[in-house]
Amino acid sequence: MTQPAVLVTGGSRGIGAEIVRALAKRDVPVCINYVSGEDKASALARELDAEGRKYCVVQADVSDPGSVKRLFDTAIDALGPLGGLVNNACFVGQAGRKVENIDYETLRKTFDVNVIGAFLCAQQAVRHMATDHGGRGGRIINVSSIASRTGSPNDWVDYAASKAAMDAMTLGLARETARQGIRVTGVAPGGVATDLHANAGAPERVERFSQITPVGRAAQPAEIADVVVWAMLDAPDYLTSTTIEVAGGL
Ligand code: NAP
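Residues numbered from 1 in each chain as written. Predicted model: local features only at pLDDT ≥ 70, side-chain atom pairs only at ≥ 80, totals over all residues. Heavy atoms only, no water.

Asks: Help me out: how do you make sense of the overall build of the chain in this one?
Replies: Each helix and strand in the chain was counted, giving nine helices and seven strands. If you line up the chain on its principal axes, its C-alpha atoms span 50 × 40 × 35 Å. Counting all 250 residues of the chain, 52% fall into the buried class. Excluding contacts between residues fewer than 6 apart, the proportion of contacts in the chain whose partners are at least 24 apart in sequence is 75%. Only carbon and sulfur atoms are counted for the fraction: they give 51% of the accessible area of the chain, which is about 11,300 Å². (Helix = DSSP H or I, 4+ residues; strand = E, 2+ residues; numbered from the N terminus. Buried < 20%, exposed > 50% of the residue type's maximum accessible area, 1.4 Å probe, protein only. Contact = heavy atoms within 4.5 Å. Areas by Shrake-Rupley, 256 points an atom, 1.4 Å probe, with all protein chains shown as cover.)

The structure is reproduced here in structure tokens:
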């Protein structure tokens, strides 16, 4: 029997793309969402095509309610009932800023994508999966960050605060939906070798993690994806409301 599908926001590159690959290898139909990087999303789609996987690709801005509704409708039309959502998409402004220098647009976008976006997607997922709504239950995995407890001073306190909001949502939504067949878990990486750092103007951050992380290196995206996929497919039913750190001891 085909497994229920999973929707991965920001699934086109970085950690999200590894989550997509790992789910697809387990024969889970996957919806790959992206916002502007069509080339990366198409390249990943070609990979999945070559392996004969069931997937769809949907461009949508997770911070826009109409786009999020369309994203879920399209995914369900293409892949059938959803059994899971991975809230992975994120925005981060330029690295190396003190709070007093963060411009309003960056503050808005950080919270719009990382917090409002995660809420909008979680709302659609609950309406679709909750037994109270006639659904079959399912899992929501929120990709957070240990920044929520370090605060990321002198870098991106706005991003850290958005991830702390996400952790609170993991806790509250998990408790709210536990009797509706839904399990909500966070996965919080430390430093991961993705383009996020170079795109934020600080490619040296990946090397810096080698020095400050007890295991002596930044994580590979696949190491985070493995934990997300475990939480989505293999974790006991009793796992909910908690955020698991995958940070090499940091
Ligand atoms: P990334 O390489 O920068 O990729 C970000 C993804 O999010 C891309 O697929 C991007 O799509 C998508 N995205 C951005 N804005 C969006 C929007 N408005 N709507 C829909 N999709 C959007 O990020 P990453 O490093 O893989 O990080 C993935 C997750 O891990 C994030 O939640 C991040 O906070 C968390 N994390 C990362 C690290 C790290 O060191 N990298 C550490 C801790 C936590 P496009 O390609 O279309 O732009």
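Asks: Looking at this model, I keep getting lost on the site of the ligand. Mind explaining?
Replies: Among the 29 residues in the neighbourhood of the ligand, the closest are listed as Arg13, Ser36, Gly37, Tyr159 and Thr194. Measuring from an oxygen atom of the ligand, one finds a backbone N or O atom of Asn88 at 2.8 Å. Within the contact set of the ligand, an oxygen atom lies 2.9 Å away from a side-chain nitrogen or oxygen of Lys163. Against a free-state accessible area of 910 Å², the protein chains account for coverage of 95% of the ligand. (Near = heavy atom within 4 Å. Polar contact = N/O pair within 3.5 Å; in protein donor to acceptor, adjacent residues only side chain to side chain.)

Asks: I'm lost on the side chain of Ser162 in this one. Help?
Replies: Along the chain, Ser162 falls in helix α6 (residues 157-177). According to the relative accessible area criterion, Ser162 is buried, its value standing at 0%. Excluding residues that lie within four positions of it along the chain, Ser162 makes contacts with Thr110, Phe111, Asn114 and Val115.

Asks: Explanation requested: the side chain of Asn33 in the structure shown.
Replies: Of note, Asn33 is situated in strand β2 (residues 30-34). Within the structure, Asn33 has its side chain in polar contact with the backbone nitrogen of Gly10 (distance 3.1 Å). Discounting chain neighbours no more than four positions away, the residues touching Asn33 are Val8, Thr9, Gly10, Gly11, Ser12, Val58, Gln59, Ala60, Val62 and Leu71.

Asks: I keep staring at the nonpolar core and nothing clicks. Help me out?
Replies: Here is a general trend for soluble globular proteins: nonpolar side chains tend to be buried in one another's company. By size, the foremost hydrophobic cluster in this structure holds 32 residues, and its most contacted members are Leu7, Cys31, Phe72 and Ile140. Put simply, the parts of the chain that give this core at least two residues each are β1 (5-8), β3 (55-59), α3 (65-79), β4 (82-87), α4 (104-129), α6 and β6 (182-189). Top contributing element to this core by residue count: α4, with eight residues. In contact with Ile140, not counting residues within four places along its chain, are Leu85, Asn87, Ala122, Ala125, Val126, Met129, Leu173, Ile182, Arg183, Val184 and Thr185. (Core = buried A, V, L, I, M, F, W, Y, C linked by side-chain atoms within 4.5 Å.)

Asks: Hey, could you run me through empty space enclosed by the protein in this one?
Replies: Over the atoms rolls a probe the size of a water molecule, and in doing so it shows where empty space is left. In total, this model carries one cavity of 30 Å³ or more according to the counting rule given. Counted as a void, the largest cavity has a volume near 40 Å³. Lining the largest cavity, in full, are Thr9, Val62, Asn87, Ala89, Val113, Asn114, Gly117, Ala118, Cys121 and Met166. No other element matches the five residues that α4 contributes to the lining of the largest cavity. Along the lines of polarity and charge, the residues of the lining of the largest cavity split into six nonpolar, four polar and no charged. (1 Å grid on protein atoms, 1.4 Å probe; cavity = no way out; pocket = protein on both sides within 12 Å on 5 of 7 lines; lining within 4 Å. Points joined across faces, edges and corners; volume = space filled by probe spheres on them. Nonpolar A, V, L, I, M, F, W, Y, C, P; charged D, E, K, R; others polar.)

Asks: Whenever I open this one, the pairing of β4 confuses me. Can you help?
Replies: Consecutive side chains of a regular strand alternate in pointing toward one face of the sheet and then the other. In terms of burial, β4 is largely enclosed, as six of its six residues are buried. Pairing of β1 with β4, which is carried by four bridges, proceeds in the parallel orientation. Its bridge partner being in β4, Ala5 is matched across the sheet by Leu82. Here β4 pairs with strand β5 (residues 138-143) via four bridges, running parallel. Residue pairing for β5: Val86 is matched across the bridge by Ile141. Once the chain exits β4 it traverses α4 before rejoining the sheet at β5, and the crossover so formed is right-handed. (Pairing = 2+ DSSP bridges. Right-handed = clockwise from strand over helix to strand, strands pointing away.)

Asks: Could you clarify how one ought to interpret helix α1 (residues 14-25) in this entry?
Replies: In an α-helix, one turn spans 3.6 residues; hence positions three or four apart end up facing the same way. Over its twelve residues, α1 runs 17 Å from end to end, which matches the ideal 16 Å to within 8%, given 1.5 Å per residue. Count one or two residues on from α1 and you reach Asp27, which has phi positive near 65°. (Expected span 1.5 Å × (residues − 1).)

Asks: Even after reading the chapter, I still don't get α4, so can you show me in this structure?
Replies: Between its first and last C-alpha atoms α4 spans 36 Å; for 26 residues at 1.5 Å apiece the expected length is 38 Å, and the two agree. Residue Asp112 marks the point of greatest curvature in α4, where the axis turns by about 35°. Between a side-chain oxygen at the N-terminus of α4 and the backbone nitrogen of Glu105 the separation is 3.2 Å; the capping residue is Asp103. (Bend = angle between axes of the 7 residues up to and from the residue.)

Asks: Any chance you could explain the environment of Ala41 here in plain terms?
Replies: Secondary-structure assignment places Ala41 in helix α2 (residues 38-50). With a relative accessible area of 1%, Ala41 lands in the buried category. Put simply, Ala41 and Gly11 are 30 residues apart on the chain and 7.6 Å apart in space, counted from C-alpha to C-alpha. Excluding its chain neighbours within four sequence positions, the residues that come into contact with Ala41 are Ser12, Tyr34 and Val57.

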